[in-house]
Number of protein chains: 2
Amino acid sequence: MHKFVYSFQEGNKDMKDLLGGKGANLAEMTRLGFPVPQGFTVTTEACNWYYENDEKLGEDVKSQILDALHRLEQLTNKKFGDPNTPLLLSVRSGARASMPGMMDTVLNLGLNDEVALRYSEVTQNKRFVYDSYRRLIQMYADVVKGYSKDAFEKHLEEVKKAKGIQYDIDLDADDMVKIADDFKKIYQEMAGEEFPQEVIKQLFETVAAVFRSWNNERAIYYRRMNDIPSSWGTAVNVQEMVYGNRGKNSGTGVAFTRNPATGENELYGEYLMNAQGEDVVAGIRTPSPISKLATDLPEIYAQFKELSKKLEDHYRDMQDMEFTIDNGKLYMLQTRNGKRTPAAAIKIAVDLVKEGKISVEEALLNVDPKSLDALLHPVFNLQSLQAAKPIATGLAASPGAAAGHIYFSAKEAIEAHKNGEKVILVRLETSPEDIEGMHHAEGVLTIRGGMTSHAAVVARGMGACCVSGCGELTINEDEKWIKTKDGQTFYEKDPISLDGSTGKVYAGLIATEIPSISGDFETFMSWADQMRRLRVRANADNPKDALQAKKFGAEGIGLCRTEHMFFEPERIFNFRKMIMATTVEEREKALEAILPYQKDDFIKLYQAMAPNPVVIRYLDPPLHEFLPKEEDEIEKLALDLHISVQDVQDRIASLREFNPMMGHRGCRLAITYPEIAKMQTRAVIEAALEVQKQGLNVEPEIMIPLVGTVKEFTYVKEIVDKTAQEVFEKFGRSLKYQVGTMIELPRAALIADQIAQYADFFSFGTNDLTQMTFGFSRDDAGKFLNEYYDKQILEQDPFAKLDQTGVGELVTIAVQRGRKAKPNISLGVCGEHGGDPSSIQFCHQIGLDYVSCSPFRVPIARLAAAQAAIKERR
Amino acid sequence: MHKFVYSFQEGNKDMKDLLGGKGANLAEMTRLGFPVPQGFTVTTEACNWYYENDEKLGEDVKSQILDALHRLEQLTNKKFGDPNTPLLLSVRSGARASMPGMMDTVLNLGLNDEVALRYSEVTQNKRFVYDSYRRLIQMYADVVKGYSKDAFEKHLEEVKKAKGIQYDIDLDADDMVKIADDFKKIYQEMAGEEFPQEVIKQLFETVAAVFRSWNNERAIYYRRMNDIPSSWGTAVNVQEMVYGNRGKNSGTGVAFTRNPATGENELYGEYLMNAQGEDVVAGIRTPSPISKLATDLPEIYAQFKELSKKLEDHYRDMQDMEFTIDNGKLYMLQTRNGKRTPAAAIKIAVDLVKEGKISVEEALLNVDPKSLDALLHPVFNLQSLQAAKPIATGLAASPGAAAGHIYFSAKEAIEAHKNGEKVILVRLETSPEDIEGMHHAEGVLTIRGGMTSHAAVVARGMGACCVSGCGELTINEDEKWIKTKDGQTFYEKDPISLDGSTGKVYAGLIATEIPSISGDFETFMSWADQMRRLRVRANADNPKDALQAKKFGAEGIGLCRTEHMFFEPERIFNFRKMIMATTVEEREKALEAILPYQKDDFIKLYQAMAPNPVVIRYLDPPLHEFLPKEEDEIEKLALDLHISVQDVQDRIASLREFNPMMGHRGCRLAITYPEIAKMQTRAVIEAALEVQKQGLNVEPEIMIPLVGTVKEFTYVKEIVDKTAQEVFEKFGRSLKYQVGTMIELPRAALIADQIAQYADFFSFGTNDLTQMTFGFSRDDAGKFLNEYYDKQILEQDPFAKLDQTGVGELVTIAVQRGRKAKPNISLGVCGEHGGDPSSIQFCHQIGLDYVSCSPFRVPIARLAAAQAAIKERR
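Chemist: Residue-level account of the overall build of chain A, with values.
Modeler: Looking only at helices and strands, chain A has 35 helices and 31 strands in total. On the principal axes, the C-alpha backbone points of chain A span a range of 100 × 60 × 50 Å. A buried classification covers 59% of the 874 residues belonging to chain A. Considering only contacts in chain A between residues 6 or more positions apart, those separated by 24 or more positions represent 69%. Roughly 34,200 Å² of accessible area belongs to chain A as shown, and the carbon and sulfur atoms make up 49% of that amount. Charged side chains in chain A number 105 positive and 127 negative. The centres of these two groups are separated by 3 Å.

Chemist: So what's going on with the interface of chain B and chain A? Which residues, and what values?
Modeler: Opposite the 54 residues of chain B that make contact, chain A presents 53 residues. Per-residue buried area on chain B facing chain A is highest for B:Phe658, B:Met662 and B:Arg747; these three make up 15% of the total on that side. At the boundary of chain B with chain A, the tally comes to six salt bridges. When the shortest N-O distance is used, the salt bridge between A:Lys711 and B:Glu795 registers 3.7 Å.

Chemist: Describe unusual backbone geometry, listing the residues and the values that go with them.
Modeler: All names here are of chain A. Going from alanine 610 to proline 611, the amide bond is cis rather than trans, its omega being 0 degrees. Residues other than glycine seldom take positive phi values, yet glutamate 55 does so here, at roughly 55 degrees. Checked against the element boundaries, glutamate 55 lands in the loop between α2 (44-52) and α3 (59-76).

Chemist: Explain the sheet that holds strand β20 (residues 489-491) of chain A residue by residue, including any values.
Modeler: All names here are of chain A. Here we have three strands laid out as an open sheet, ordered β18-β19-β20, and antiparallel in their pairing. Each edge of the sheet is formed by a strand with only one pairing partner; in this case those strands are β18 (474-476) and β20. Going across the sheet, the axis of each strand differs from the next one's by a mean of 15 degrees, ignoring polarity. Across three bridges, the pairing between strand β19 (residues 481-483) and β20 is antiparallel.

Chemist: Could you give me a rundown of the relation of the copies chain B and chain A, with the residues and numbers involved?
Modeler: When chain B is fitted onto chain A, the two copies agree to an RMSD of 0.2 Å after a turn of 180 degrees and an axial shift of 0.0 Å. Considering both components of the superposition, the chain copies are consistent with a two-fold axis. Among all residues of chain B, the one whose C-alpha sits closest to the rotation axis is B:Asn659, at a distance of 2.1 Å. The fraction of interface residues of chain B whose copies in chain A are also interface residues reaches 98%, indicating that both copies meet through the same surface.

Chemist: Explain the environment of A:Leu297 residue by residue, including any values.
Modeler: Residues and elements named next belong to chain A. Turning to its location among the elements, leucine 297 is positioned in the loop between α11 (293-296) and α12 (298-315). Taking the relative accessible area as the measure of exposure, leucine 297 reaches 17% and is therefore buried. With 198 residues separating them along the chain, leucine 297 and methionine 99 place their C-alpha atoms 32 Å apart. Beyond its immediate chain neighbours, meaning those up to four positions away, leucine 297 contacts Asn249, Met273 and Ile325.

Chemist: Give me the lowdown on the packing of aromatic side chains, citing residues and values where you can.
Modeler: Under the criterion given, the structure shown has 46 aromatic pairs over all chains. Summarising the aromatic geometry, the rings of B:Phe380 and B:Tyr506 are spaced 5.8 Å apart at their centres and angled 85 degrees between planes, so their arrangement reads as edge-to-face. Here B:Phe380, found in strand β11 (residues 379-380), pairs with B:Tyr506, found in strand β22 (residues 504-507); they are 126 residues apart in sequence, far enough to count as distant. Classification of B:Tyr506 as buried rests on a relative accessible area of 6%. Here B:Phe566 and B:Phe575 contribute two aromatic rings whose centre-to-centre distance is 4.3 Å and whose plane-to-plane angle is 25 degrees, an arrangement assigned as stacked. B:Phe575 matches B:Phe566 in its accessibility class, with the two residues each being buried. Taken together, the aromatic side chains of A:Tyr130, A:Tyr133, A:Tyr140, A:Tyr187 and A:Phe195 make up a single cluster linked through ring pairs. Sitting over the ring of A:Trp481, A:Lys483 keeps its end group 5.2 Å from the ring centre.

Chemist: Can you explain the pattern of salt bridges? Please cite residues and give values.
Modeler: Residues and elements named next belong to chain A. Taken as a whole, this structure holds 135 salt bridges over all chains when the rule is applied. Measuring nitrogen to oxygen at the nearest pair gives 2.8 Å for the salt bridge that ties aspartate 326 to arginine 246. Highlighted residues: aspartate 326 in strand β9 (residues 319-326) and arginine 246 in the loop between β5 (234-240) and β6 (251-256), separated in sequence by 80 residues. Taken together, the salt bridges that share partners define one network made up of Arg127, Asp131, Arg134, Arg135, Glu157, Lys160 and Asp168.

Chemist: For the packing of α2(A) against helix α8 (residues 199-213) of chain A, give the residues involved together with the corresponding values.
Modeler: Residue and element names in this part refer to chain A. Between α2 and α8, the shortest axis-to-axis distance is 10 Å and the interhelical angle comes to 85 degrees. Classified by the interaxial angle, the pair formed by α2 and α8 is roughly perpendicular. Here Ala46, Cys47, Tyr50 and Tyr51 of α2 lie close against α8, whose contacting residues are Ala208, Phe211 and Arg212. Here the residues of the contact of α2 with α8 are counted per class, giving six nonpolar, no polar and one charged.

Chemist: Tell me about the pairing of strand β28 (residues 738-743) of chain A, and name the residues and values.
Modeler: Residues and elements named next belong to chain A. Taking burial as the measure, the six residues of β28 include six buried ones, the bulk of the element. For strand β27 (residues 701-704) and β28, the ladder comprises four bridges, and the chain directions are parallel. For isoleucine 704, the partnering residue across the bridge sits in β28 and is threonine 741. Between the parallel elements β27 and β28, the chain passes through helix α28 (residues 710-731) in a crossover that is right-handed. As judged from the three bridges shared by β28 and strand β29 (residues 761-764), these two strands associate in the parallel manner. Bridging across to β29, methionine 742 finds its partner in serine 763.

Chemist: Tell me what's going on with the side chain of B:His844, and back it up with residues and numbers.
Modeler: Residues and elements named next belong to chain B. Checked against the element boundaries, histidine 844 lands in helix α34 (residues 837-845). On the basis of relative accessibility, which here comes to 2%, the residue histidine 844 falls in the buried class. With residues near it in sequence (within four places) discarded, histidine 844 still touches Arg533, Leu534, Ala865, Ala868, Ala869 and Glu872.

Chemist: Could you give me a rundown of the environment of B:Gly146, with the residues and numbers involved?
Modeler: Mapped onto the elements, B:Gly146 comes out in the loop between α5 (126-143) and α6 (150-163). Counting along the chain gives 63 residues from B:Gly146 to B:Ala209, while the straight-line C-alpha distance between them is 9.2 Å.

Chemist: How would you summarise the sheet that holds strand β15 (residues 423-427) of chain A if you had to cite specific residues and measurements?
Modeler: Residue and element names in this part refer to chain A. Judged by pairing direction, the sheet is mixed, and its eight strands sit side by side in the order β12-β22-β21-β14-β15-β16-β17-β13 without closing on themselves. Each of the sheet's edge strands pairs with one partner strand only, and the pair in question is β12 (390-393) and β13 (395-398). Ignoring strand direction, the axes of neighbouring strands in this sheet form an average angle of 30 degrees. Across the sheet, helix α17 (residues 410-418) touches β14 (401-407) and β15, and the angle it forms with β15 is around 175 degrees. Sheet contacts for helix α19 (residues 454-462): β13, β16 (443-446) and β17 (465-468); angle to β13, the most-contacted strand, approximately 45 degrees.

Chemist: So what's going on with a negative patch on the surface? Residues and values would help.
Modeler: All names here are of chain A. A contiguous patch of negative charge on the surface is contributed by Asp478, Glu479, Glu630, Glu631, Asp632 and Glu635. Topologically, glutamate 631 is positioned in helix α24 (residues 631-641). Judged by its relative accessible area of 58%, glutamate 631 is exposed.

Chemist: If you had to explain the confidence of the model for chain A to someone new, which residues and values would you point to?
Modeler: Residue-level pLDDT values for chain A average 92, and 99% of them are 70 or greater. For this predicted complex, the interface confidence score (ipTM) comes to 0.84, while the overall pTM stands at 0.85.

Procedures and definitions
- Sequence order as written defines the numbering, with residues in each chain counted from 1.
- Numbering of ligands from 1 and lettering of chains from A proceed in the order in which they are written.
- With the structure being a predicted model, the display of local features is reserved for residues of pLDDT at least 70 and the display and counting of side-chain atom pairs for 80 or more, all residues being used for whole-chain, interface and lining totals.
- The side-chain numbers reported here are obtained from all heavy atoms of the structure, hydrogens and water having been left aside.
- A helix here means a DSSP run of H or I that spans at least four residues, while a strand means a run of E at least two residues long, and both kinds are numbered starting from the N terminus.
- For the exposure calls, accessible area comes from a 1.4 Å probe over protein chains only, and a residue counts as buried if that area is under 20% of its type's maximum, exposed if over 50%, partly exposed in between.
- Here a residue-residue contact requires only that any non-hydrogen atoms of the pair lie within 4.5 Å.
- Surface accessibility follows the Shrake-Rupley procedure with a 1.4 Å probe radius. Residue values consider only the protein chains on display as shielding.
- Under this rule, positive means Lys or Arg and negative means Asp or Glu; His and the chain ends count for nothing.
- For this purpose, a charge sits on NZ of Lys, CZ of Arg, CG of Asp or CD of Glu.
- Buried area is calculated as the accessible area (1.4 Å probe) missing from two parts once they are joined, with the contributions of both summed.
- Should a side-chain nitrogen of Lys or Arg be within 4 Å of a carboxyl oxygen of Asp or Glu, the pair is scored as a salt bridge.
- What makes two strands pair is DSSP finding at least two bridges between them.
- For helices, the fitted line uses only the C-alpha atoms of the stretch in contact; every axis is such a line through C-alpha atoms, and the angle between N-to-C directions lies from 0 to 180 degrees.
- To superpose the copies, least squares is applied to the C-alpha atoms of every residue with a pLDDT of at least 70 in both.
- Each Phe, Tyr or Trp ring (for Trp, its six-membered ring) is paired with any other whose centre lies within 6.5 Å, and the angle between the two planes then decides the class: stacked below 30 degrees, edge-to-face above 60, tilted in between.
- We count a charge as sitting over a ring when the NZ of a lysine or the CZ of an arginine lies within 6 Å of the ring centre and within 35 degrees of the ring normal.
- Each angle gets one of four labels, with under 35 degrees taken as roughly parallel, over 145 as roughly antiparallel, 65 to 115 as roughly perpendicular, and the rest as oblique.
- Any residue outside Ala, Val, Leu, Ile, Met, Phe, Trp, Tyr, Cys, Pro, Asp, Glu, Lys and Arg is labelled polar, Gly included; the first ten of those are nonpolar and the last four are charged.
- Here, the term right-handed applies to a crossover whose path from the first strand over the helix to the second runs clockwise when the strands point away from the viewer.
- Distance thresholds for patches are 9 Å for like charges and 5 Å for nonpolar side chains (Val, Leu, Ile, Met, Phe, Trp, Tyr), applied to residues having over 30% relative accessible area and no salt bridge.
- A residue's pLDDT is the confidence the predictor assigns to it, expressed on a 0 to 100 scale.

Spelled out as structure tokens, the structure:
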């Protein structure tokens, strides 16, 4: 028979997959001889089997639970359901990865009317026993039956009110008896049946309920946010109860081996005497700092301190522990690697290496790359945040915290910012025209659009805070208001705050602060750089972003989107003129006017990045994105061009597309308007020659977007080469440059061997590749993706985390075929996935040369690349 | 040294790839001892080498030409450029596939001032020699230099006018000398240099010019229309001139071994005495029917008749021959398989089998599947057509000919048709709301949209004539007019005619006629059915189309698009109600009202097709396609639903998508609104049970569209299975059904092994798969695809002909992986490619079970499938 249940004596810390983190660590502490209340773990496999078995506990699982229970009875010399020496049990979830508070717990199982009555006599502590009983009833009703706690809590409040007391602790034994009795009645009313007196039923139902809680809404959401597959399942830990609420000599607490906020090497935590764990959480009484235990119970404190140290040394990481003192005896209820602030994570990792306790590799693996984000952006002041209530939640599109006054257009935002106001730009969705406004805003809030929408991508590029796709809010940009689900309306100039790391939107201004980065950060990142094989570049469209990226350690620019250079007011006019041109000559004339700007941009970009490589992508978006939308702008354009408003409107209409994502864009523009590619080549090469003259080393990498056939690539490459040659002749000097392509269409991946014969490099545009492979429009998918997550059809946003099965296979195919045709071809990723740790690991595995991501994600990518290399070596 | 030049004595008919069709056949006739003017062929490889060599003839090619010329001189006992015994040459193109009139020819090479002068004396035929010389000058100027013929022809007209004569033949020898001299002057003016007197230069320049003509605009267009790759190149045939214009005893003609219009077994053709080939074409003198040659020159006629018969027997197909009689001696200048009308093709193929001359397999291979189209649709009366001039050309979207009066809206078209008028529906583009109007129209003309646009697909399904994407025309639907490029305007009720087989639009009403189908057609198609392995199904959305398809030999329905059933006025209201619903209950209520219609449709469809299979695709398009666009319809909907116009508009706005093709559609609808899939399952299953009760055998195949992940499929399949079970229980009976999916996303193809574990069948939706693989929106790609064809980046419309390299590889991957997981999985294609012969051959090769196409393409598919099977066997 398959083994579904392990006693704590049978497991160890390496069995997390099967026993969950909590179960494995309880077993490990048991193995180490620590004082742990004994029990057993029902495995994660039993959880999966429960789901396969139509959400029923299998008979095999049940009988193994009974066996384990029997052994536990022998070990403890107590008996489950026996009134004289009752074994009381806690039942707690415990998944492979820590998911604090996401799943359910029931305590005090094994109590019923008969046991409670007799056990009060045996213990001579009626108050304690009936307090435990009433807690069991309420928790059971909640967890097993799904009934709200409200009725119970309301009743408790009424009893206290009637007695004129404020705290539970002031209730006496008889009150508890009465309350337990009342709770049973409430339960019976709700359930239409008596609270179960059969203790085995209590146990089985609870185990099943904990399995069920693996798929409650918040657990699903948490898994998605933290990249935990639903297939892992949760284990269930059944453990003898110990009580911190048995009197003055009892207590309970939590502690960390180091300060989780700062990383200081000091025992850090708090405890409450005569209390159960939930009382600490409830916050009715103020717990004492752990240091005070040294005076309260010096021996216990000494013992705990020693155990803490042993645990940290054993686990080679800072530990987060729960303990209970039951009648003067210390019990360890849990230990796990403690959650910590990013700053603390770095300090602890560096300190542990310096203390000789862990290796550099371990230190690097111990820090979550994603957490580095928070070190580089403003955060809310914690106290101010506690007072605030979110009014809506959108997507955590670009991290950081921001507070300011609402403006509904880029223009007004800029105006207000120039007048010294802090501004939040609120838009239905942003377009390239909003970029300047975004630069002036503290943060950006959009109602539509996903994690890779324009607003999200641009904000991440700038390192600005952004909450996108906040569909809970209704917006009226004309009348300048947003409205929350419950009808609160916010108008222009009203203050709001955004948390781009959680997606939450708050009313009012919440104070923000800049986290300080210690020297440990430098040390830590230099270790990462020594370990990694993948190079890390940044996506940067302007010198400012490029400098920022370099500061964060970028080793080049992996993607410069030239179109972002066209939106400044003086440039957009000539660009629009180019679009409106009806002859090649007119178009060339307009392009001639754009050339100096573009060239100047490239000069500054090269200067900022030299001698590192700079990848310049040629014009990519469909032309209609550049045309004016507002009537007054259309009129202005018509006037400027000396043509009729109707002509402008006709041209705009003729450029409109049903599916612009699959329309006239990318290299298709260079093919229908070769003069655009010519102008861009002149700018790229002339700028490079200029910078070369200044003694800087630069080798531009020209990237042709959206190639799907070899001939598209060779057609544009020919224009590039020919134009470059002309420039060289004109200037009497030459330099090396590369011409490569973005692989962002499935077809390009499939014919990568053909393209590689002509291309110097591939850069995987995994955003578009994901769109085409799934047939998901990133601008529209938001409408159904949430439903997909809820129904567990997708567990991850494929735009944030690379889909290794589908999209990843195409990338792998392209890598293999490309390398076969040209072994030394340079391969990188420049999609949003270039900043996502799990995707970076994939990029490492399939042998890419570099990833490119937004500047603020560069440190994340450096660490993730190091972790990938270390994991591979192990 | 690589061999680039072959004398006619070195080749044979199987060397078409290298020598082109004309060259190979001239060699073959030489081999057979036929009277052929000798010469040599410069190979297609030399053509490709010319293009690789920057459009220059290689030295190797030149020297081989000189060698061959030398041998020809020895053979003919004449000398190129020698004034006494001048060798005169014709230089003609000849590609692997016949491309009549697409490329260039130059005759009479080898004449210059000196040769002409002396040769007139030798031949004592000055008129003939100078006539030849002036023709050379004009052709050389045109073909080699690219100058217009106008100046030459204008001059000729002036000379005749001055002399008061009408025909060239009335010009005397001195006129010709003068004209040749004048032509040289005109040439010099144009070229800035003398007409080349060096005959070798004439030859080399002409060979190069013929190579160049491989890439002239009309040749590129012809290749695209006829599926000929540009990589084939053309060969060039250099041949001794013979002259039909040497006097009364000379002549020239063309003939077919059978009647190319009817297929009758009779020598068919015409000739002109004392003329060159171009005179026959010019139509100035009326040629005589070939039978008259029996009286004119009985011996020559007898000889020609015998040669004809030998050629047909040798080539085992009807031959199209050119001949010249030079001074009483017959020369064969060309033979090739003759072009013929589709009706003739069938008759000839069947007759040749009956005459025991060819096998059934050969007969099947001899008919172009695409040509069958014309047998099934009305065509223009040839005489009426000759009088008509096209006013614009669009895409040949759905074959057939139609004449009627213009209407600009479906509603008005229906009205007019009910009043007995013949109607052409003219729209910017059609939408599903236009379907009824399309049913009432003789033909449909759209300004936008490609070969797979809504109008094109629906029209092909109906077998109705359609010209789509006629961007040459400007339209104003509000003001009800269309305007041609040259400013002609057509208003409502104006008569026009459409040719859906050529894409041409004509002013006025051209008479149409229905081609008669002979018994030979039945015989022929039954042979095809015996040979093929692929099954052929039809795409049909309603009983009428299904019956039509069955009549054409469809063996089932491969695609019923259920959404097309929702557009009738009484249905669309409930459907819109369903879309507007804000709760599941409202949605279910609206669906309940739709159920009876849908069920009824399925009953009729099963009845029409039983016992053949019917594939029913669940709701696919995004919901916004069903919502009203016009203001009055929006008001009506609001009134009907008792909600405000604003609410309707808000809902419409909230459903709007940036890229609907990649939006909330396909199985994504069934996942967010499971009740739609439930209703459709009830309709499918209940209808099947009903039909089963009538004693008919039916096994519905339910197709889930746009699946990209396994869980999408299993989620919807679960709904289907559960609902079907409920229906079975309710009716107390059950039946077999299948649940499969469309493979139309790249990701689905890549994970086909996973999907196959649950799916009963795959149907490749190659339209969408092409869109996603290329990143082409079929509604928008028209804007740049023409440029792609012109620049030879693409040679074929990938929506019409399956891209075997990219899209085909994904299909192949899916077939392999799907079969590996489930060897007996049923595999078909239901995209537009299912009716395209070359794509059908591909489907056969990769082992699909069936193709499905629009009803009128079923015969094409049957023949193409037979050809694929025969080719494989050989």
